[in-house]
Amino acid sequence: YKHYPISYSIITDGSPNNRQLFENSLRNLAKKYSIYLTINLCTDEEDTIQYYNKLDVTLGGEMSGLDVIDDFEAEYIEVFNVGN
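Quick look at the structure, then. (Residues numbered from 1 in each chain as written. Predicted model: local features only at pLDDT ≥ 70, side-chain atom pairs only at ≥ 80, totals over all residues. Heavy atoms only, no water.)

### Quick notes on the packing of aromatic side chains
What the rule picks out here adds up to two aromatic pairs. Centre to centre, the rings of Phe22 and Tyr52 are 6.5 Å apart; their planes meet at 85°, and the pair counts as edge-to-face. With a gap of 30 residues between them, Phe22 in helix H1 (residues 19-32) and Tyr52 in helix H2 (residues 46-59) connect regions that are remote in the sequence. Tyr52 sits in the buried class, given a relative accessible area of 2%. Members of the aromatic cluster, joined through ring pairs, are Phe22, Tyr51 and Tyr52. Positioned over the ring face of Tyr51 is Arg19, at 4.1 Å from the centre of the ring. (Phe/Tyr/Trp six-rings, centres within 6.5 Å; stacked < 30°, edge-to-face > 60°. Helix = DSSP H or I, 4+ residues; strand = E, 2+ residues; numbered from the N terminus. Buried < 20%, exposed > 50% of the residue type's maximum accessible area, 1.4 Å probe, protein only. Lys NZ or Arg CZ within 6 Å of the ring centre and 35° of its normal.)

### Considering the environment of Gly60
Of note, Gly60 is situated in the loop between H2 and strand S3 (65-69). Taking the C-alpha atoms as reference points, Gly60 and Asn40, separated by 20 residues in sequence, lie 15 Å from one another. With residues up to four places along the chain from it excluded, the contact list for Gly60 reads Leu55 and Leu66. (Contact = heavy atoms within 4.5 Å.)

### A closer look at the nonpolar core
Grouped together as the largest cluster of nonpolar side chains are 16 residues, with contacts concentrated most on Phe22, Leu26, Leu37, Ile39, Tyr52, Leu55 and Met63. At the level of elements, H1, strand S2 (35-41), H2 and S3 are the ones that each hand at least two residues to this core. Looking at this core, the element that brings in the most residues is H2, giving five residues. Residue contacts for Leu55: discarding those within four places in its chain leaves Phe22, Glu23, Leu26, Ile39, Gly60 and Leu66. (Core = buried A, V, L, I, M, F, W, Y, C linked by side-chain atoms within 4.5 Å.)

### With respect to the sheet that holds S3
Taken together, the three strands give an open sheet; going across it, the order is S1-S2-S3, and neighbouring strands pair in parallel fashion. Two strands bound the open sheet, and with one partner strand each, they are strand S1 (6-12) and S3. Strand after strand, the sheet turns through a mean of 10° between neighbouring axes, direction not considered. Bridge count between S2 and S3: five bridges; the pairing is parallel. (Pairing = 2+ DSSP bridges. Axes fitted to C-alpha atoms, helices over the stretch in contact; angles between N-to-C directions.)

### Re H2
The first and last C-alpha atoms of H2 sit 20 Å apart over 14 residues, in line with the 20 Å expected at 1.5 Å per residue. Looking at the buried side of H2, the elements it contacts are S1, H1, S2 and S3. (Expected span 1.5 Å × (residues − 1).)

What follows is the structure, encoded as structure tokens:
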């Protein structure tokens, strides 16, 4: 069978109840499929934002791509600063 790239989006307002299980599940998906993961945060809770931004660093290399969208103003500045 063929491997197709998958765009996987998570929209959440908090961190997982079991972070280890969540991270292991993402790793297992990334081993089987070419996953581009986008996590859209609907919160301004700093602990939650920090968790997902750290996840971007720890799991980002195992995914085909991983992006955390946490703050529209910060995202705007990030996109503007790279010339878009």
